[in-house]
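# Report on the structure
The chain contents come next:
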Amino acid sequence: MDFIGILVGYALTAFILLLVARMVLDWAAMAGRGPAWVGRARTFTRATTEPAIAPVRRVVPPVRAGGIGIDLAFTIVFVVALVLRSIAFAL
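Quick caveat: nothing in here was measured; it's all calculated off a predicted structure.

This part takes up the packing of aromatic side chains. Summed over the entire model, instances satisfying the criterion amount to two aromatic pairs. Judged by centre distance (5.3 Å) and plane angle (80°), the ring pair of Tyr10 and Phe89 falls under edge-to-face. Of this pair, Tyr10 sits in helix α1 (residues 2-31) while Phe89 sits in helix α3 (residues 73-90), and the two are 79 residues apart along the sequence. A ring pair is formed by Phe74 and Phe78, whose centres lie 6.3 Å apart and whose planes are at 10°; its orientation type is stacked. Highlighted residues: Phe74 and Phe78, both in helix α3, separated by four residues, approximately one helical turn. On the basis of relative accessibility, which here comes to 24%, the residue Phe78 falls in the partly exposed class.

Okay, structure coming up:
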């Protein structure tokens, strides 16, 4: 069981790193156009993380703050991944 916990922990670590990369690349996209590889990297991170975020987004509606909506699905998935990672490494 120890080996499985470590494998799951490392897989969750990789997923968390993808989430962080998605966040940074989304912020970079708002700043303006960059090199071509940024667009490809952004597409890759969205394609790999969206299957986990989309179901949460369907359940948790955006929070309205004035005229904008704040999507909490990313934050929820990030926190859950951190908790699951700590549990997996504790096994």
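Moving on: the environment of Ile76. Within the fold, Ile76 resides in helix α3. Residues Ile76 and Ile53 lie 23 residues apart in sequence; the distance between their C-alpha atoms is 8.6 Å.

Rules of the game
- Residues numbered from 1 in each chain as written.
- Predicted model: local features only at pLDDT ≥ 70, side-chain atom pairs only at ≥ 80, totals over all residues.
- Heavy atoms only, no water.
- Phe/Tyr/Trp six-rings, centres within 6.5 Å; stacked < 30°, edge-to-face > 60°.
- Helix = DSSP H or I, 4+ residues; strand = E, 2+ residues; numbered from the N terminus.
- Buried < 20%, exposed > 50% of the residue type's maximum accessible area, 1.4 Å probe, protein only.

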